[in-house]
Amino acid sequence: MSLGTKYKALSIETLPERLKVVDVLASKVGEDSAAWQVQEVGDGNLNLVFIVTGPEGKAVVKQALPYVRLVGDSWPLPLYRAFYEYHALTRQAARDPGSVPDIFYFDEAQAVIVMEFLSPHVILRHKLIAGKRVDGLADFLGKFCARTAFRGSELSMKSGDKKADVGLFAGNVDIPAITEALVFTDPYFTAEMNHHTEGLDPVVAQLRSDVALKVKVQQAFQRFVSNTETMVHGDLHSGSIMSTESESRVIDPEFAQYGPMGFDIGMLCANFLMAYFSQPAHRGDDLDAYQEWILGVIEEVSTTFDAEFRRLWATERTGILYPASLFEDQGHDSSAACDAVLKGIWRDAWAFCGIEMHRRCLSLAHNADFEDIADPALRAPLEARNLMMGAELIHEAERLVDANTICAIARDFNGKDVL
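As the structure is a prediction and not an experimental result, all values here were calculated from the model.

Reading guide: rules and limits
- Residues numbered from 1 in each chain as written.
- Predicted model: local features only at pLDDT ≥ 70, side-chain atom pairs only at ≥ 80, totals over all residues.
- Heavy atoms only, no water.
- Phe/Tyr/Trp six-rings, centres within 6.5 Å; stacked < 30°, edge-to-face > 60°.
- Helix = DSSP H or I, 4+ residues; strand = E, 2+ residues; numbered from the N terminus.
- Lys NZ or Arg CZ within 6 Å of the ring centre and 35° of its normal.
- Pairing = 2+ DSSP bridges.
- Buried < 20%, exposed > 50% of the residue type's maximum accessible area, 1.4 Å probe, protein only.
- Expected span 1.5 Å × (residues − 1).
- Arc of directions from axis to C-beta.
- Polar contact = N/O pair within 3.5 Å; in protein donor to acceptor, adjacent residues only side chain to side chain.
- Contact = heavy atoms within 4.5 Å.
- Axes fitted to C-alpha atoms, helices over the stretch in contact; angles between N-to-C directions.
- Parallel < 35°, antiparallel > 145°, perpendicular 65-115°, else oblique.
- Left-handed = near helix turned anticlockwise from the far one by under 90°.
- Nonpolar A, V, L, I, M, F, W, Y, C, P; charged D, E, K, R; others polar.

Colleague: Help me out: how do you make sense of the packing of aromatic side chains in this one?
Modeller: One pair of aromatic rings is described through two measures. These are the centre distance and the angle between the planes. One pass over the full model with this rule turns up 18 aromatic pairs. Taken together, a centroid distance of 5.9 Å and an interplanar angle of 20° make the contact between F305 and F309 stacked. Of the two residues, F305 and F309 both sit in helix α11 (residues 287–315), 4 residues apart, roughly one turn of that helix. Across the ring face of Y290, the terminal group of R283 is positioned such that the distance to the ring centre comes to 5.5 Å. When the ring centre of F413 is taken as origin, the NZ or CZ atom of K416, which lies over that ring, is 4.3 Å away.

Next comes the structure, spelled out in structure tokens:
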């Protein structure tokens, strides 16, 4: 059932012939590969993604390319990212069952993953731009972030298993390097691949001249590269979540690594805030109500994360950190210790949140919430609000109390003319 040891990129034309030997794919879509219909749907920055349809059903085939698809072969990228995506998906499935697509097959040499076709799920970002609501979204995401953070850490894992996993993912060098450059460094100077909306120059100049801001960004960056608390998704945003009206799954963890517990939840909240600030260009009469729904998601994600993290603290704290022998076994309450851990998580989260709000407007890979606004004169003031709120979150991360405070700040900036 091997696809061969020499890598070759798939195409719509070649996929049926090459993958007909994958028994599990044939069992999902039909034995006769001549009857398969193949559609290429990869709209991301890195990979080929195909939907394979046959008489028995559908499946997704994802293949890494040896370069950054957004840029081209001038930016080579190792195929091993598929190996780490596969291992990340298996760990997420174990740590939060039902949260990610089922994996049917993996071929390391060809960098191919065959996985469950999610239907009628669509990319969450598209839903947010269209003004659609998803029931249970915040509960799902808050629990996903809490469960993967807690169960991937030495609060839960055996120390040997955790260290072995850190060692495994430490080989994923080139993919985190993209985050290290595009997220934490490039937005704050005139990097070659940066671009931003016409009219934003005064705001960009203000951010790049703020030395205290850049110090705080680099402090957050230092925590990101040196802290291996848990396995993080690494790129958790509304484009890596697929949803129906009431059910969601997380996809695309190829940026997975071991990092700070606050990273995923911070990146996630940043993308909801960007969706919030972009809404005046997408909505009509329902603008206020929909913006408030988005802020409500942020608030509920936060409270759900805290509640689930505390539940796991009480029921699954079996690792070497904060052991019961130091607390409950001596009749001592460990809730103050949990409070302190959560405080550190949210300090990191709000800093990462602000940084993500900057990079999505100033670095290479922007997001559709703003990019789909065709008129730069309309887009720039909305991005400016987003950028200036991001700066406040970075500056004030250690003093921010909770998500209610974050949402109040968002409402304040939403009413400002920053440009």
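Colleague: Please explain the sheet that holds strand β11 (residues 248–250) as it appears in this structure.
Modeller: Strand-to-strand pairing in sheets goes through backbone hydrogen bonds, with the strands running parallel or antiparallel. Strands sit in the order β8-β10-β11 across an open sheet of 3 strands; the sheet is antiparallel. The sheet is open, and its two edges are formed by β8 (122–123) and β11, each paired on a single side. Pairing between strand β10 (residues 241–243) and β11: 3 bridges, direction antiparallel. Counted as the bridge partner of I241 is V250 from β11.

Colleague: Teacher, can you tell me more about unusual backbone geometry here?
Modeller: Along the chain, S119 connects to P120 via a cis peptide bond; the corresponding omega equals 10°. Along the chain, P120 falls in the loop between β7 (112–116) and β8. Phi is positive for D252, close to 60°, though the residue is something other than glycine. For D252, the position within the fold is in the loop between β11 and β12 (257–259). The class of D252 is partly exposed, set by a relative accessible area of 28%. Residue Y322 is not a glycine yet carries a positive backbone phi of 50°. Among the structural elements, Y322 can be located in the loop between α11 and α12 (335–362). Given the relative accessible area of 32%, Y322 is considered partly exposed.

Colleague: What is the right way to read helix α15 (residues 403–414) from this model?
Modeller: For an α-helix the count is 3.6 residues per turn, leaving residues at separations of three or four pointing the same way. With 12 residues, α15 extends 16 Å from end C-alpha to end C-alpha; this agrees with the ideal 16 Å at 1.5 Å per step. Among all positions of α15, only A403, I406, C407, I409, A410, F413 and N414 are buried. The buried side chains of α15 occupy one side of the element, clustering within an arc of 155° when seen end-on. Sitting at the amino-terminal end of α15 is D402, which places a side-chain oxygen 3.1 Å from the backbone nitrogen of N404.

Colleague: I tried to follow the environment of L15 on my own but got confused; where do I start?
Modeller: Inspection of the secondary structure puts L15 in helix α1 (residues 15–19). L15 sits in the buried class, given a relative accessible area of 0%. Sequence spacing of L15 and A130 is 115 residues, and the spatial spacing of their C-alpha atoms is 33 Å. If sequence neighbours within four positions are ignored, L15 has contacts with L10, K20, W36, V38, F50, V52 and V61.

Colleague: Would you mind showing me how to read the packing of α11 against α12 here?
Modeller: Packed helix pairs are specified by the crossing angle of their axes together with the interaxial distance, meaning the distance between the axes. Remark: α11 packs on α12, axes separated minimally by 11 Å, with the N-to-C direction vectors making an angle of 140°. For the element pair α11 / α12, the angle class is oblique. As for the relative orientation of α11 and α12, their crossing is right-handed in sense. Together, S302, F305, D306, F309, R310 and W313 of α11 and S335, A337, C338, D339, V341, L342, I345 and W346 of α12 make up the contact between the two elements. Broken down by class, the residue content of the contact of α11 with α12 amounts to 9 nonpolar, 2 polar and 3 charged.

Colleague: How should I be thinking about the sheet that holds strand β3 (residues 57–64) in this particular structure?
Modeller: Reading across from one edge, β1-β2-β3-β7-β6 is the order of the 5 strands in this open sheet, with antiparallel pairing throughout. Looking at which strands have only one partner, the edges of the open sheet turn out to be β1 (37–40) and β6 (103–107). When strand polarity is set aside, the average angle formed by the axes of neighbouring strands in this sheet is 20°. Bridging between β1 and strand β2 (residues 47–54) involves 4 bridges; their strand directions are antiparallel. What sits directly across from V38, in β2, is V52. In the packing of helix α3 (residues 81–95) onto the sheet, the strands contacted are β2, β3, β6 and β7, and the crossing angle to β6 comes to about 155°.

Nothing here speaks to function; it is geometry throughout.
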